[in-house]
Amino acid sequence: MLSRRTVLLMGATAAIAAACGSETKLAGREPVDPDGSAPFKPSGVKNPPKEKVPTKLAMVGDSITLGSQPAVELVLADIGFTDVTINAETSRRIVVGGKNPMPGLDVVTFIAASDPPDLWVIELGTNDAGLYATDDEYLGLVDAILAVIPDEDPLVWMNTYREDHLDGCVQFNAVLATRLDDRHHATVGNWYQECLDTDGSILQSDGVHPDETGRLIFADTVRQAIATRLGS
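About the thresholds
- Residues numbered from 1 in each chain as written.
- Predicted model: local features only at pLDDT ≥ 70, side-chain atom pairs only at ≥ 80, totals over all residues.
- Heavy atoms only, no water.
- Helix = DSSP H or I, 4+ residues; strand = E, 2+ residues; numbered from the N terminus.
- Buried < 20%, exposed > 50% of the residue type's maximum accessible area, 1.4 Å probe, protein only.
- Lys, Arg positive; Asp, Glu negative; His and termini not counted.
- Salt bridge = Lys/Arg side-chain N within 4 Å of Asp/Glu carboxyl O.
- Polar contact = N/O pair within 3.5 Å; in protein donor to acceptor, adjacent residues only side chain to side chain.
- Contact = heavy atoms within 4.5 Å.
- Pairing = 2+ DSSP bridges.
- Axes fitted to C-alpha atoms, helices over the stretch in contact; angles between N-to-C directions.
- Phe/Tyr/Trp six-rings, centres within 6.5 Å; stacked < 30°, edge-to-face > 60°.

A. Main features of the side chain of arginine 229. Residue placement: arginine 229 occurs in helix α7 (residues 212–231). Among buried Asp, Glu, Lys and Arg side chains, arginine 229 stands out as unpaired, with aspartate 181 the closest opposite charge at 8.8 Å. Side-chain polar atoms of arginine 229 contact the backbone oxygen of alanine 186, separated by 3.1 Å. In this structure the side chain of arginine 229 is engaged in a polar contact, spanning 2.8 Å, whose partner is the side chain of threonine 187. Aside from chain neighbours lying at most four places away, what touches arginine 229 is Pro154, Leu155, Val156, His185, Ala186 and Thr187.

Spelled out as C-alpha cells, the structure:
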C-alpha cells in the first residue's frame, strides 16, 4: 500500500513537471495535493509560522539540486520565501574546480560578499564523497564553507548519498553532522536517510541522481530541514 506521502508526491508530479525547464522565479505558485485543494506538504512537518520566515534565501548545490530545482522553488515559495537564488551545477565540488563548474566555495564566497541572504541552503559533497581518506580532510571542506557564512546566519546543509561511494558518504555525513552540531543556527537535511529508507528506489539507475519522485522527496526534505531550522 502506498503511503500518504507517496500518494501526495505522485499527485504533485504534474505541477512540478510544468515548471521543469523554467529558469524564472516561481514565487506565489504552490504545489498542490492531488485534489488541488491544499499546498503540497507530504512529510507531515509543518511549515514555520509566516512571521518567522525570512524572505531571502540562497541555495548552492550540485546536480542533485540542479535536477530538483523546479520542485525546490515551488516548495520554497510555499514556505514564504519571495527572493530565492539557486546556483547549482553538474559535477560541482566544494573546493576543487575551475570556471565550469565553479567550486561551491567560490560561489558561496561571491554570494556572501555581493548579495547575502537571510538563510543559506548548501547541497555540496556529492562529488567529494569517497575521494578523501581522513575525517580531517572532510572537515577541512566543511569548514571552508562555514568560514564564509557568518555564524549568526541560519544554515541548512543537505547531506549526501551515492551508491558507488557509500562509505565515503557515511564518513562525510558524520563529519558534517558533528561540525554543524557545534555551530549555532545550523541543521542537517537528511537526504542520505531518505535514499536509505527507500533502498535507492527514488534514484535513477546511476544510484546518485533522484528520479521524478526522488526530486519531489528531495525538495520536501529541504522543506523539512528549513522548517526545523526556523522552528527551533
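B. Broad picture of the sheet that holds strand β1 (residues 56–61). Taken in spatial order, the five strands make up an open sheet running β2-β1-β3-β4-β5, and their pairing is parallel. Looking at the sheet topology across the chains shown, the edges are occupied by β2 (83–88) and β5 (186–189). Each strand of the sheet is rotated relative to its neighbour by a mean of 15°, with strand direction disregarded. Examined bridge by bridge, strand β3 (residues 119–123) and strand β4 (residues 155–158) share three bridges and lie parallel to one another.

C. Examining the packing of aromatic side chains more closely. Using the criterion set out here, one finds five aromatic pairs in the structure. Seen from their ring centres, tyrosine 138 and phenylalanine 172 are 5.8 Å apart, and the 75° between their planes marks the pair as edge-to-face. Highlighted residues: tyrosine 138 in helix α4 (residues 135–146) and phenylalanine 172 in helix α5 (residues 166–182), separated in sequence by 34 residues. Chaining the aromatic ring pairs together yields one cluster made of Tyr132, Tyr138, Trp157 and Phe172.

D. Expanded view of unusual backbone geometry. Backbone torsion omega between asparagine 100 and proline 101 reads 0°, so that peptide bond is classified as cis. Counting through the fold element by element, proline 101 comes out in the loop between β2 and α3 (104–114). If you check the backbone angles, serine 91 has positive phi at about 70° while not being a glycine. Considering the arrangement of structural elements, one finds serine 91 in the loop between β2 and α3. Despite not being glycine, histidine 185 shows a phi value in the positive range, around 65°. Under the relative-accessibility criterion, histidine 185 is labelled partly exposed at 37%.

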